[in-house]
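Residue-level structural notes
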Amino acid sequence: MSSGRPISEDGRSLAVDILTRSRLDILSRISKDDAPSSSFFALLNQTRRRFFNGYLDSLKEAVATGDSTDLLGNETFQSYSQGRDGYSLREVLKVPASVKKALGSIINEMVANKEIDAHAALGAKAALDEILDQAGTIRAESFMQTRDEVIKFYNSYQEEIDRFPSNLAATLDLRTLMRSAVKRCTELLDVGRCAFFTRDLVTDELRLMASNFDHERIFDNAPVKLDESVMTELVKGRKPVIVEGYRRSAPLVTSIMKNMKTKLLLLVPLMVRDRNVGLIMMDNVERPRMFTPVVANLAMRFGDKVAAAMENARLHGSEQQKIKETMALLEVSRLVTTTLDIDTLLARLAQITADVCEVSKCSVYVYVDDAGRFYPAATHGTFTNNEWETGMSEGILPVDMTDEDTEAVMERHEVTITDPEVSPFIPSDRIEETGCRALVLVPIYSRDRVLGLMVLLHHKDRDELEGEDLNLVAAIAAQAAVALENTSLYEDLEMSYFSTVKALARAIEVKDPYTYGHSERVTEYALAIARRLGASDPEIQNIKYAAALHDIGKIGIARKILDKPGALSEEEFVHVKTHPQLGDSIIEPVAFLKAPRSIIMHHHERYDGKGYPDGLAGEEIPLGARILAVADSFEAMMSDRPYRKALQVEEAVKELEVNAGTQFDPIVVRAFIEVLKEGDFQRHSSGDRRETAPRQA
């Protein structure tokens with residue numbers, strides 16, 4: 001590109017000579033203030049000189065050759081970059097203007113000192129001015145074009161920002177929302193790094209929710225604090241804050257910027273109905289001057305949209321949590337009123353608590369007054385190599401806890417949060433593996449008496465736990481106390497009923513001295529068989545009650561028939577066979593004996609279907625009744641009767657084996673024989689009441 005009017009060769013030559021010989025003088029006359037006031041140009045004097053040295057080289061080349069294409073092309077690029085990075089037009093035009101001013105000053109001085117001819121000087125100045133004027137014009141035109149493009153560009157981003165909430169309408173999980181917001185922020189605002197923080201309204205501490213950089217290295221997963229002056233601008237001023245350079249007046253922000261290796265931050269408040277709930281932190285190392293007022297306002301608009309979406313997510317999460325908590329408490333209440341199996345109940349309470357309170361583990365301990373210890377009763381949430389959990393079967397003494405925790409739990413009956421490092425409820429070498437950062441101890445108490453303790457392994461720090469977290473688990477613990485009280489009362493009532501009914505069974509043995517102790521021995525045999533067959537705890541409990549009461553119906557059988565030494569008549573045998581139904585009618589009013597009734601009713605059924613009262617066969621007969629049939633028959637064979645003497649162990653076992661598959665269930669017989677071989681049963685002679693050592697089968 002050549003100049004618009006002819007320039008003399010003398011003028012061109014002089015201009016080139018001045019640009020060569022007077023280079024240092026020219027650079028010295030370009031003031032630091034003449035360079036754009038930003039970190040891009042004004043880092044160091046050497047950087048500024050290098051930039052203008054290159055500029056003067058390009059100018060010299062354009063004057064010497066008469067072709068300014070490269071220089072003006074570079075001007076176009078510079079103005080484009082500076083237009084995007086937010087410089088003002090005045091700053092953009094400073095470069096050619098300051099060079100033109102410095103050269104004019106030198107030429108005038110050289111003319112005044114008669115170092116150069118005035119006419120030649122005029123030609124040199126004309127050559128330089130024309131190119132620099134073109135540079136200024138190109139810079140201005142290109143800058144304005146770029147700014148128009150940028151404005152159009154940001155207007156389109158504004159439309160995207162306005163659509164942003166609708167795009168996230170279905171995103172109601174706060175952390176998912178934050179991750180999406182980070183992605184959209186970098187796209188819409190063209191920033192390099194971006195982080196979203198929530199703010200504690202009381203302490204002003206910021207907690208990082210999401211970012212697109214290695215925030216752990218910079219913030220160490222700890223709460224972030226900003227200088228009070230910066231927070232005041234953000235919270236009270238409710239406007240973006242641009243922090244440029246390392247401010248002595250803002251040491252906390254300066255420390256963050258140094259860790260991030262940046263010299264420019266844009267902080268944007270997240271506002272919800274004039275309430276600050278957090279902030280966005282942004283920077284762009286490659287384009288440090290991009291945070292213009294236009295970009296800051298755009299970021300503020302974006303922040304408002306994100307804050308509204310955050311509030312929706314928070315309200316939704318709060319509502320869902322309350323629903324979850326309410327449903328949990330209803331389920332706990334239902335369990336307490338319908339479940340009397342305390343092991344099942346406490347296991348379910350531990351599971352509900354762990355799920356609703358979102359803890360890695362919840363354990364329930366029962367306090368035994370006599371031992372003065374907490375014993376583990378139920379747990380939910382396990383870890384690999386969890387022998388330490390089962391190793392606590394010996395119990396935990398209250399004195400094993402800290403004095404503060406012991407006082408809170410045992411005396412004040414208050415929920416307390418303790419450091420896992422000093423708690424006996426988790427080994428110190430497993431704390432890191434479990435991710436436990438705080439232990440919540442919740443006493444289970446009733447009428448000023450401690451019944452147990454709920455222990456929650458929390459992944460939150462002590463200061464992160466909110467009152468709602470503790471209130472919920474305290475409410476569940478209160479229900480657990482009711483359950484333990486109910487179970488205790490029920491067990492007392494149950495034993496009272498059982499003792500009464502058992503007394504009736506004793507009355508039979510008074511009528512029939514030959515059967516004294518018979519029920520106890522049958523119970524012992526039956527329970528051993530049930531355990532060998534892997535019966536459940538409820539099944540074992542039912543067999544225990546049925547075995548103790550299986551002959552209670554004989555209270556309605558005439559004594560002369562029970563004591564008859566010879567064979568019974570057909571009419572007498574029919575009368576004896578009614579004792580299962582009589583026993584069933586006697587225990588029918590007792591609610592807790594409902595399950596054992598079928599065992600008592602059918603313990604005289606035969607495996608081949610020839611028994612009584614209903615002629616059931618095989619597995620039609622309840623398992624408990626099949627077990628009781630073997631235990632009852634064996635004990636009867638091992639005892640003296642009016643009509644015969646007791647058999648030897650070998651003879652009784654032989655009888656069981658011979659009748660397996662007809663009278664008895666063969667599987668039950670085999671299990672009992674195995675028990676006899678391994679057992680330690682005492683055989684009582686009903687005649688002389690002496691205890692003799694068992695003879696092995």
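In short, a report on the structure. Just so we're clear, the structure is a prediction, and the values are computed from it rather than from any experiment.

1. Observations regarding unusual backbone geometry
Glycine aside, residues mostly have negative phi angles, and peptide bonds mostly take the trans form. The peptide bond linking Y612 to P613 adopts the cis configuration, its omega dihedral lying at 10°. Phi angles above zero are rare outside glycine, and D204 is one such case at about 70°. With respect to the element layout, D204 can be found in the loop between β1 (193-199) and β2 (206-211). With a phi close to 50°, R273 is a non-glycine residue in the positive phi region. With respect to the helices and strands, the residue R273 is situated in the loop between β4 (264-272) and β5 (275-283).

2. Considering the pattern of salt bridges
Counted according to the given criterion, the structure contains 26 salt bridges. In this structure, R12 and E9 form a salt bridge, with 3.9 Å as the shortest nitrogen-oxygen distance. In this pair, R12 and E9 both sit in helix α1 (residues 9-21), 3 residues apart, roughly one turn of the helix. Of the charged contacts in the structure, one is a salt bridge between R184 and E187, with a shortest N-O distance of 2.5 Å. With R184 and E187 both in helix α8 (residues 174-189) and 3 residues apart, the pair spans about one turn of that helix. Sharing partners across several salt bridges, the network here consists of D25, R29 and E109.

3. A closer look at the pairing of strand β9 (residues 438-446)
Most of β9 is tucked away: 8 of the 9 residues are buried. Where strand β8 (residues 416-418) and β9 come together, 3 bridges link them in antiparallel fashion. By the bridge assignment, I417 is partnered in β9 with V440. Where β9 hands over to strand β10 (residues 449-458), the hairpin turn is made up of 2 residues, of which R447 adopts a positive phi near 50°.

4. Topic: the environment of V482
Note on placement: V482 falls in helix α17 (residues 467-511). A residue is classified by how much of its surface remains accessible, and V482, at 38% relative accessible area, is partly exposed. Separated by 31 residues in sequence, V482 and L451 place their C-alpha atoms 10.0 Å apart.

Parameters and conventions
- Residues numbered from 1 in each chain as written.
- Predicted model: local features only at pLDDT ≥ 70, side-chain atom pairs only at ≥ 80, totals over all residues.
- Heavy atoms only, no water.
- Helix = DSSP H or I, 4+ residues; strand = E, 2+ residues; numbered from the N terminus.
- Salt bridge = Lys/Arg side-chain N within 4 Å of Asp/Glu carboxyl O.
- Buried < 20%, exposed > 50% of the residue type's maximum accessible area, 1.4 Å probe, protein only.
- Pairing = 2+ DSSP bridges.

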